[in-house]
Amino acid sequence: MSESKRVLVVASHPDDEVLGCGGTMAVHADNGDVVDVLIVVEGITSREARRDAEGQAEILTALQQSACDAAVVLGAREPHFLGLSDNRLDGMELLEVIKPIEALINELKPQVIYTQHGGDLNVDHRIVHQAVVTACRPAPGTSVRAIYGYETASSTEWASSTMGGAFHPVRFVDISKTLERKRKALECYASEMRPFPHARSFEGLEALARWRGVSTGLEAAEAFTVVREIASF
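Overview of the structure. Please read all numbers here as calculations on a predicted model, not as lab measurements.

What follows deals with the pairing of strand β2 (residues 34-41). On a regular strand, one side chain projects to one face of the sheet and the next to the other, so that they alternate. Counting buried positions over the 8 residues of β2 gives 7, a clear majority of the element. Relative to β2, strand β1 (residues 6-11) runs parallel, the two sharing 6 bridges. Residue pairing across strands places Leu8 opposite Asp36, the latter belonging to β2. Sheet topology places β2 next to strand β3 (residues 80-84); 3 bridges connect them, and they run parallel. Across the sheet, Ile39 pairs through a bridge with Phe81, a residue of β3.

Next comes the structure, spelled out in structure tokens:
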């Protein structure tokens, strides 16, 4: 049996972690790995004309509880929340996003990190990707051995070529045995799900998992780009 690893999933918004790599999180947990989750943005206040975190406190609390419930389903530990402003990261100094991410990485010392694809339509996704890669500068002694980018339905595939590099996955994780748990984790985020044929519907997400699977001879899979990977022989 291989030695257990510490895994960190960095998500911009609550539900991105499940959409992008929920099945993979469950695979890691089943293999005995320690899975942590960091959610950078609170995920709701941009839906109103102006940010009102106090007025939407009840909804924000419910959304955090959804993230905690989903983590339990997938075998991850209780998530960490930065609570930064939804869809407003482009109005912050990038260093203000990098520093808390870097601090948590230094504390947890993960070997594997999963985060948003850097070419997504959503601006928070792009900035979180940049912040994670910056926080994981490959200095001597770093714990991080691999960084993978995941796709987020209704953002990754909606981007244009002007947003950044297109999502061309080269790493596929077999989630045939954990796809149902991914669905149950998404049920924790019922308020964020949409009816079919929306990309963020249960049917749409299962279709994506099946497509990623059959693309590689599997029943179901999640797909990733490789940002950096250090091989050991």
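The subject of this paragraph is the nonpolar core. In terms of nonpolar packing, the biggest core is built from 35 residues, with Met25 and Tyr114 touching the most fellow members. The dominant element in this core, judged by the number of residues it contributes, is helix α1 (residues 16-30), at 6 residues. When neighbours within four sequence positions are excluded, Tyr114 is seen to be in contact with Val7, Leu8, Val9, Val10, Cys21, Thr24, His28, Tyr148, Tyr150 and Phe224. Counting 23 residues, the second-largest nonpolar core is a separate cluster that includes Leu8, Leu89, Val97 and Val123.

Take the sheet that holds strand β5 (residues 146-150) next. One open sheet accounts for 7 strands, arranged β3-β2-β1-β4-β5-β7-β6; its pairing is mixed. The open sheet terminates on both sides in strands that have one partner only, identified here as β3 and β6 (171-174). On average, each strand axis in the sheet is tilted by 25° relative to the strand beside it, whichever way the strands run. The pairing of β5 with strand β7 (residues 221-229) spans 5 bridges and is classified as antiparallel.

Moving on, we get to the packing of helix α2 (residues 57-74) against helix α5 (residues 179-187). Remark: α2 packs on α5, axes separated minimally by 8 Å, with the N-to-C direction vectors making an angle of 165°. By the criterion of interaxial angle, the relationship of α2 to α5 is roughly antiparallel. Along this stretch, α2 crosses α5, giving a crossing that reads as right-handed. Where α2 abuts α5, its residues Ala70, Val73 and Leu74 lie against Arg181, Lys182, Lys184 and Ala185. Along the lines of polarity and charge, the residues of the contact of α2 with α5 split into 4 nonpolar, no polar and 3 charged.

Under the definition given, this model contains 11 salt bridges. Between Arg6 and Asp36 there is a salt bridge whose closest N-O contact spans 3.3 Å. With Arg6 in strand β1 and Asp36 in strand β2, the pair connects residues that are 30 residues apart, well separated along the chain. Where Arg210 meets Glu206, a salt bridge forms, and the shortest distance between an N and an O atom there is 3.4 Å. Linking Arg210 with Glu206, this pair stays in helix α6 (residues 202-214), spanning 4 residues, or about one helical turn. Owing to a relative accessible area of 34%, Arg210 belongs among the partly exposed residues under this scheme. Through salt bridges with shared partners, a single network forms among Arg6, Asp36 and Arg77.

Our focus in this paragraph is the environment of Gly204. Summarising the element assignment, Gly204 is placed in helix α6. A relative accessible area of 19% places Gly204 in the buried class. Sequence-wise, Gly204 and Ala153 are 51 residues apart; in three dimensions their C-alpha atoms are separated by 8.7 Å. In this structure, Gly204 is in contact with Phe196, His198 and Ala199, ignoring residues within four places of it in sequence.

The rules behind these values
- Residues numbered from 1 in each chain as written.
- Predicted model: local features only at pLDDT ≥ 70, side-chain atom pairs only at ≥ 80, totals over all residues.
- Heavy atoms only, no water.
- Buried < 20%, exposed > 50% of the residue type's maximum accessible area, 1.4 Å probe, protein only.
- Helix = DSSP H or I, 4+ residues; strand = E, 2+ residues; numbered from the N terminus.
- Pairing = 2+ DSSP bridges.
- Core = buried A, V, L, I, M, F, W, Y, C linked by side-chain atoms within 4.5 Å.
- Contact = heavy atoms within 4.5 Å.
- Axes fitted to C-alpha atoms, helices over the stretch in contact; angles between N-to-C directions.
- Parallel < 35°, antiparallel > 145°, perpendicular 65-115°, else oblique.
- Left-handed = near helix turned anticlockwise from the far one by under 90°.
- Nonpolar A, V, L, I, M, F, W, Y, C, P; charged D, E, K, R; others polar.
- Salt bridge = Lys/Arg side-chain N within 4 Å of Asp/Glu carboxyl O.

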